[in-house]
Amino acid sequence: MSSPQNVLEIKDLHARVAQTDANAEPIDILKGVNLTVRSGETHAIMGPNGSGKSTLSYAIAGHPKYEVTSGSITLNGEDVLEMSVDERARAGLFLAMQYPVEVPGVSMSNFLRTAATATRGEAPKLRHWVKEVKEAMNELDIDPAFGERSVNEGFSGGEKKRHEILQLGLLKPQIAILDETDSGLDVDALRVVSEGVNQYREREHGGVLLITHYTRILRYIKPEHVHVFVGGRIVESGGPELADELEANGYERFTAAAATADTQGA
Ligand SMILES: Nc1ncnc2c1ncn2[C@@H]1O[C@H](COP(=O)(O)OP(=O)(O)O)[C@@H](O)[C@H]1O
Ligand SMILES: [Mg+2]
């Protein structure tokens, strides 16, 4: 199958987050992120907690609390920052959030069909759709009874993550951003979820931005590119060997260097 070549390009991105207290100044989090993700490529962004990884994913997805102050994000040359959240989804961007939201009163099956209708531009034919969802649920070991439950309500951490990957398989985006998809999963769930991501890569030839704190998931999903993310920017990029180094030595070499750079810059 030949797929079009899609490119997500992030250039010198700076962003800040609004604080809960509306009178407080927003905090600068992203400090110059440069990253290009193409169809068929898998990039892992790895960094300590609080380094701004989720902020990057929200900035790409268009979360209203995260304000881009400078730099650019484009998808196939189109200005993503000019697009509404829906337009970004329709353009082929997908975000699996670190903390998926619960939507009481909306069943999973309704939610999925509405999302598929929005991204595909027309409602999927009901008979095909039922079959499609059933197969996708089966592959992810999701009990079909889940279709009738409210979106993520009362789901365990692992069930929420499976639901995110179910959406990925059904919505078939061009570029998928997976924020800590491994957190809270036991080994069996991790294997199932990783298999879902790998199928998406093979079938859709999609680009994947895998955001993670731990190297564990990289045993199942193999990235060609690994980026170390500290203090709101990528401080080093390399291949899988960089993840091996992080597994062995942790982030200290990078956090220490970033702290020194900050002091010198001040
Ligand atoms: N809504 C928010 N209000 C205040 N501070 C925030 C908010 N979101 C993120 N931050 C702060 O921004 C920094 C980066 O957060 P985040 O992007 O979640 O990092 P990561 O995903 O790498 O753990 C942290 O110091 C966090 O406390
Ligand atoms: Mg995070």
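Residues numbered from 1 in each chain as written. Chains lettered and ligands numbered in written order. Predicted model: local features only at pLDDT ≥ 70, side-chain atom pairs only at ≥ 80, totals over all residues. Heavy atoms only, no water.

Draft legend 1. A look at the pairing of strand 1 (residues 7-17). Strand direction decides the pairing type here: strand 1 and strand 2 (residues 27-38), joined by nine bridges, are antiparallel. Within strand 2, the residue paired with V17 across the bridge is I27. Note that strand 1 and strand 4 (residues 66-75) share eight bridges and pair antiparallel. Of the residues in strand 4, the one forming a bridge with L8 is L75. (Pairing = 2+ DSSP bridges. Helix = DSSP H or I, 4+ residues; strand = E, 2+ residues; numbered from the N terminus.)

Draft legend 2. Region of the structure containing helix 6 (residues 187-204). For helix 6, spanning 18 residues, the distance from its first C-alpha to its last is 25 Å, which sits close to the expected 26 Å at 1.5 Å a residue. Residues of helix 6 that are buried include every one of A189, L190, V192, V193, S194, G196, V197, N198, Q199, Y200 and R201, and no others. Close packing links the buried residues of helix 6 with strand 3 (42-46), helix 4 (126-139), helix 5 (157-171), strand 9 (175-179) and strand 10 (207-212). One side-chain oxygen of the residue at the start of helix 6 lies 3.2 Å from the amide nitrogen of D188, identifying that residue as D186. (Expected span 1.5 Å × (residues − 1). Buried < 20%, exposed > 50% of the residue type's maximum accessible area, 1.4 Å probe, protein only. Contact = heavy atoms within 4.5 Å. Polar contact = N/O pair within 3.5 Å; in protein donor to acceptor, adjacent residues only side chain to side chain.)

Draft legend 3. The layout of surface pockets, seen in detail. One number sums up the size of the largest pocket: a volume of about 880 Å³. Considering the residues around the largest pocket, the lining is formed by 35 residues, among which V85, A89, F94, L95 and Q167 are closest to the centre. Listing elements by their share of the lining of the largest pocket, those giving two or more residues are helix 1 (53-61), helix 2 (85-91), strand 6 (93-96), helix 3 (108-120) and helix 5. Here the lining of the largest pocket is composed, by residue class, of 21 nonpolar, eight polar and six charged. By volume, the second largest pocket amounts to about 290 Å³. As for the second largest pocket, its lining consists of 16 residues, of which A136, E139, G169, Q199 and R203 are closest to the centre. For the lining of the second largest pocket, the secondary-structure elements that each account for two or more residues are helix 4, helix 5 and helix 6. (1 Å grid on protein atoms, 1.4 Å probe; cavity = no way out; pocket = protein on both sides within 12 Å on 5 of 7 lines; lining within 4 Å. Points joined across faces, edges and corners; volume = space filled by probe spheres on them. Nonpolar A, V, L, I, M, F, W, Y, C, P; charged D, E, K, R; others polar.)

Draft legend 4. Broad picture of the coordination of the magnesium ion (ligand 2). Protein-derived ligands of the magnesium ion (ligand 2) are S54 (OG) and Q98 (OE1), with the metal-ligand distances lying across 2.1 Å. Residue S54 is found in helix 1, and its partner Q98 is found in the loop between strand 6 and strand 7 (103-107); the two are separated by 44 residues along the sequence. With respect to burial, S54 and Q98 carry one shared label: buried. (Donors = N, O, S within 2.8 Å, 3.2 Å for Na, K, Ca; no water.)

Draft legend 5. Region of interest: the environment of R219. Tracing the sequence through the fold places R219 in the loop between strand 10 and strand 11 (225-230). Put simply, R219 and S194 are 25 residues apart on the chain and 9.4 Å apart in space, counted from C-alpha to C-alpha.

Draft legend 6. Local environment of helix 7 (residues 240-249). Within helix 7, burial applies to L242, A243 and L246. All buried residues of helix 7 fall inside an arc of 100 degrees around its axis, so they share one side. Away from its buried face by more than 90 degrees, helix 7 exposes E241, D244, A248 and N249. (Arc of directions from axis to C-beta.)

Draft legend 7. Examining the sheet that holds strand 1 more closely. Read across the open sheet, the four strands follow the order 2-1-4-5; overall the sheet is antiparallel. Looking at the sheet topology across the chains shown, the edges are occupied by strand 2 and strand 5 (78-79).

Draft legend 8. Quick peek at unusual backbone geometry. If you check the backbone angles, N76 has positive phi at about 50 degrees while not being a glycine. In this structure, N76 sits in the loop between strand 4 and strand 5. For H205, which is not glycine, the phi dihedral falls at a positive 55 degrees.

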